[in-house]
Amino acid sequence: MQQIESSKEIQAFALESRRAGKSIALVPTMGFLHDGHLELMHKARAQADLVIVSIFINPIQFGPNEDLDRYPQDLEGDLNKCRAVGVDIVFTPTRQALYPESFQTSVEVTKITKCLCGAGRPTHFQGVTTVVSKLFNLTLPDTAFFGEKDFQQLAVIRRMVTDLSFPIKIIGVPIVRESDGLAMSSRNAYLPTKERKEASGIFAALSHAQNLYKQGHKESEELGQAVLKQLGEKIESPFQVEYIKIYDAWNLTEISGLITTPAVLLIAVHLAGTRLIDNLLLEN
Ligand code: PAF
């Protein structure tokens, strides 16, 4: 396994590999890798001749009062994990390498970025699509792998790839969960022990609504209320809810009233100052 820091070097490597007829899979990450990331890497490994994992804490996708300065890092641990999966290249650019002084371009998906996470994080998705475009141009992948935990991010990237005609297949990989159901996330490391236990309540509440849906409760408001009630059941609920929404799983538009299309129940909560997101598909 090789670690590359330079943009020029990774692009030259990617160009040469593509010319030699090798297929490339990219797994973009911000590091502090967990089993969810490893699942993306395993899927990538099974598909392509070369697997590139990028590790870059992208400053432009964080808002002014977010956790950029304390985002967890463990490069040595990450490199070991990548090695164990059989990754070929780990791309670890510096901020300066991706955003030199003169940098002034951005990529924006204009509509589906305004709702859900985008409502509370207005510059977030523009930061994501800008860095992902750069990573695509630097690593020239045939396929790129993203987790379904960031359901909206996946939809935004698919939109961008279609709209800008990137010749890249985007592959969404199902959420990997801890044994108590909490969706794996690098940010789970922020949770103190008590809140970490309480965090399993998010999946429990989503599962409760999913069960109701399977039993024939198909009104989106009723299901949203059921999640809220379940989360707030304790006298002092630890959760501050940012949103609980049901969206059409294909075009990412909100469903109010009767659910008649494949749908996804999405949630964002704050728990002890940590923002957590999760989602479950509503299907029979
Ligand atoms: O999902 C993430 O970890 C990040 O948003 C991504 C896609 C690596 C872009 O920085």
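Procedures and definitions
Residues numbered from 1 in each chain as written. Predicted model: local features only at pLDDT ≥ 70, side-chain atom pairs only at ≥ 80, totals over all residues. Heavy atoms only, no water. Helix = DSSP H or I, 4+ residues; strand = E, 2+ residues; numbered from the N terminus. Rg over C-alpha atoms; globule rule 2.2 N^0.38 Å. Buried < 20%, exposed > 50% of the residue type's maximum accessible area, 1.4 Å probe, protein only. Contact = heavy atoms within 4.5 Å. Areas by Shrake-Rupley, 256 points an atom, 1.4 Å probe, with all protein chains shown as cover. Lys, Arg positive; Asp, Glu negative; His and termini not counted. Charge placed at Lys NZ, Arg CZ, Asp CG, Glu CD. Phe/Tyr/Trp six-rings, centres within 6.5 Å; stacked < 30°, edge-to-face > 60°. Lys NZ or Arg CZ within 6 Å of the ring centre and 35° of its normal. Axes fitted to C-alpha atoms, helices over the stretch in contact; angles between N-to-C directions. Left-handed = near helix turned anticlockwise from the far one by under 90°. Nonpolar A, V, L, I, M, F, W, Y, C, P; charged D, E, K, R; others polar. Near = heavy atom within 4 Å. Polar contact = N/O pair within 3.5 Å; in protein donor to acceptor, adjacent residues only side chain to side chain. Parallel < 35°, antiparallel > 145°, perpendicular 65-115°, else oblique. Expected span 1.5 Å × (residues − 1).

Caption draft 1: Examining the overall build of the protein chain more closely. In terms of regular secondary structure, the protein chain is built from 10 helices and 9 strands. In terms of overall dimensions, the protein chain is globule-like: its C-alpha atoms have a radius of gyration of 19 Å, near the 19 Å expected for 284 residues. A principal-axis box enclosing the C-alpha atoms of the protein chain has dimensions of 55 × 40 × 40 Å. Out of the 284 residues in the protein chain, the part that is buried amounts to 52%. For the protein chain, restricting intrachain contacts to residue pairs at least 6 apart in sequence, the fraction spanning at least 24 positions comes to 72%. By element, 50% of the accessible surface of the protein chain is carried by carbon and sulfur atoms, the whole surface being about 13700 Å². The distance from the centre of the 29 positive side-chain charges to the centre of the 33 negative ones in the protein chain is 2 Å.

Caption draft 2: Region of the structure containing the packing of aromatic side chains. Considering all chains together, one arrives at 4 aromatic pairs under this definition. Of note, arginine 70 hangs over the ring of tyrosine 190, and the distance from its end group to the ring centre comes to 4.0 Å. Above the face of the tyrosine 213 ring, lysine 218 is positioned so that its terminal group lies 4.5 Å from the ring centre.

Caption draft 3: Fine view of the packing of helix α2 (residues 35-47) against helix α3 (residues 75-85). Between α2 and α3, whose axes approach to 10 Å, the crossing angle comes to 35 degrees. At the point where α2 passes α3, the crossing takes the right-handed sense. Within the contact between the two elements, α2 uses Leu38, Met41, His42 and Arg45 and α3 uses Lys81, Cys82 and Val85. Of the residues contributing to the contact of α2 with α3, the split by class is 4 nonpolar, 1 polar and 2 charged.

Caption draft 4: How the structure looks around the site of the ligand. Near the ligand, the surroundings consist of Pro28, Thr29, Met30, Asn58, Gln61, Val128, Val131, Phe146 and Gln153. In this structure, an oxygen atom belonging to the ligand sits 2.6 Å away from a side-chain N or O atom of glutamine 61. The contact in question runs from an oxygen atom of the ligand to an N or O atom on the side chain of glutamine 153, over 2.7 Å. Contact with the protein chains removes 88% of the 290 Å² of surface that the ligand exposes when unbound. Those elements that place two or more of their residues in the shell around the ligand are β2 (24-29) and α6 (124-139).

Caption draft 5: Structural context of the environment of valine 53. On the secondary structure map, valine 53 appears in strand β3 (residues 50-55). Each C-alpha atom, one on valine 53 and one on aspartate 35, is 14 Å from the other, the two residues being 18 residues apart in sequence. Excluding residues within four positions of it along the chain, valine 53 makes contact with Val27, Thr29, Met41, Cys82, Val87, Ile89, Val90 and Phe91.

Caption draft 6: Local environment of the packing of α6 against helix α7 (residues 151-163). Contact geometry of α6 with α7 gives a least axis separation of 10 Å together with a crossing angle of 55 degrees. One way to sum up the angle between α6 and α7 is to call them oblique. Between α6 and α7 the crossing geometry is right-handed. Every residue of α7 that contacts α6 at Phe125, Val128, Thr129, Val132, Ser133 and Phe136 is listed here: Gln152, Gln153, Val156, Ile157, Met160 and Val161.

Caption draft 7: Structural context of helix α9 (residues 200-214). Given a rise of 1.5 Å per residue, 15 residues ought to cover 21 Å, and the 21 Å separating the end C-alpha atoms of α9 matches this to within 8%. Listing the buried residues of α9 in full gives Ser200, Ile202, Ala205, Leu206, Ser207, Ala209, Gln210, Leu212 and Tyr213. Those residues of α9 that are buried are in contact with α8 (193-198), α10 (220-231), β7 (239-248), β8 (263-271) and β9 (274-282). Glycine 216 occupies a position one or two residues after α9 and carries a positive phi of about 110 degrees.

Caption draft 8: Spatial organisation of the side chain of glutamine 152. Mapped onto the secondary structure, glutamine 152 falls in helix α7. For glutamine 152, the side chain forms a polar contact with the main-chain oxygen of isoleucine 112, separated by 2.8 Å. Reaching out from glutamine 152, the side chain makes a polar contact with the backbone oxygen of cysteine 115 at a distance of 3.0 Å. Filtering out sequence-adjacent residues up to four positions away, glutamine 152 remains in contact with Ile112, Thr113, Cys115, Leu116, Cys117, Gly118, Phe125 and Leu252.

Caption draft 9: Structural context of α7. Helix length check: α7, at 13 residues, gives a terminal C-alpha distance of 18 Å against a target of 18 Å (1.5 Å per residue), a fit within 8%. Burial in α7 covers these residues: Phe151, Gln152, Gln153, Leu154, Val156, Ile157, Met160 and Val161. Looking at the buried residues of α7, the elements they touch are α5 (117-120), α6, β5 (143-147), β6 (169-173), β8 and β9.

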